[in-house]
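# Structural overview for review
Single-letter residue listing:
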Amino acid sequence: GDRLGNMWKFDFSGGTPIVAFGGDPMFTIPTGQPITIGLALGRDPTTNKAWIFFGTGSYLSKDDPADVSVQTIYGVIDESSATLTKSDLMQRKIIVTTTVNGTALRGFEPPSDLTAGKQGWYVDLDQPTPGERVTNRPQLVGTVLVFASIIPATDVSCDAGGSGYVNALDAFSGASTSE
């Protein structure tokens, strides 16, 4: 990924590595959300399709804590021969946010399949606090995508603080897990 919202794919099958898709990115985000972390790879056990999982957001510069733009977690099927965009994916949503015994909790859409023709899914991290972002590589545990997100403290960038979530989604649908 890059800081302009592009995910690149390289072909190492020949003697010289080349950028796949004729030099174009495999996925591009129109809003330019920065992709500053590693990605996770997986294979859907029911369809045998390869998937790429990544989040957006940056926490690398002194200006980053003040950025409250909406960031996103993505799951993209790696089978297209053309550059994909967010419109090729199914939007999934955070549907509930609450606090229980002082702990902030949230929930995602109930389990359901992707809409036919969609090449993956995305979830905007816009609830309950602006500025949430993914700054660590997501992990695939079986069919569950686990990722941490942070909401930095915005008062002093060098001080510890802020909050965040540990999130778990069905990796191949972007919705909640069934268990």
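Note that the structure is predicted; figures quoted are calculated from it, not measured.

## Quick word on the pairing of strand β6 (residues 50–55)
Counting buried positions over the six residues of β6 gives five, a clear majority of the element. Where strand β5 (residues 40–43) folds back onto β6 in an antiparallel hairpin, the turn is made up of six residues, including Asn 48, whose phi is positive at roughly 65 degrees. The pairing of β6 with strand β7 (residues 72–77) spans five bridges and is classified as antiparallel. Counterpart to Gly 55 in the pairing with β7 is Ile 73.

## A look at the layout of surface pockets
Space inside the largest pocket adds up to approximately 440 Å³. If you trace the largest pocket, you find 24 residues lining it, with Asp 44, Asp 113, Asp 170, Phe 172 and Ser 173 closest to the centre. Its residues assigned to classes, the lining of the largest pocket comprises eight nonpolar, 10 polar and six charged.

## Digging into the sheet that holds strand β9 (residues 90–92)
Across the sheet, which stays open at both edges, the five strands sit in the order β5-β6-β7-β12-β9 with mixed pairing between neighbours. On the outer flanks of this sheet lie β5 and β9, each paired with one strand and no other. Taking the axes of each pair of neighbouring strands and ignoring which way they run, one obtains an average angle of 20 degrees across the sheet. Pairing analysis gives five bridges linking β7 to strand β12 (residues 120–124), with the strands arranged antiparallel. Counted as the bridge partner of Tyr 74 is Tyr 122 from β12.

## Structural notes on the pattern of salt bridges
Where charged atoms from two side chains of opposite charge approach closely, those side chains can pair. Summed over the entire model, instances satisfying the criterion amount to six salt bridges. The salt bridge involving Lys 62 is made with Asp 63; its shortest N-O contact spans 3.5 Å. On the basis of relative accessible area, Asp 63 is assigned to the exposed category, the value being 53%.

## Remarks on the sheet that holds strand β8 (residues 84–85)
An order of β1-β4-β8 is seen for the three strands of this open sheet, with the pairing classed as mixed. The sheet is open, and its two edges are formed by β1 (6–7) and β8, each paired on a single side. As judged from the two bridges shared by β1 and strand β4 (residues 27–28), these two strands associate in the antiparallel manner. Residue pairing across strands places Met 7 opposite Phe 27, the latter belonging to β4.

Procedures and definitions
Residues numbered from 1 in each chain as written. Predicted model: local features only at pLDDT ≥ 70, side-chain atom pairs only at ≥ 80, totals over all residues. Heavy atoms only, no water. Buried < 20%, exposed > 50% of the residue type's maximum accessible area, 1.4 Å probe, protein only. Helix = DSSP H or I, 4+ residues; strand = E, 2+ residues; numbered from the N terminus. Pairing = 2+ DSSP bridges. 1 Å grid on protein atoms, 1.4 Å probe; cavity = no way out; pocket = protein on both sides within 12 Å on 5 of 7 lines; lining within 4 Å. Points joined across faces, edges and corners; volume = space filled by probe spheres on them. Nonpolar A, V, L, I, M, F, W, Y, C, P; charged D, E, K, R; others polar. Axes fitted to C-alpha atoms, helices over the stretch in contact; angles between N-to-C directions. Salt bridge = Lys/Arg side-chain N within 4 Å of Asp/Glu carboxyl O.

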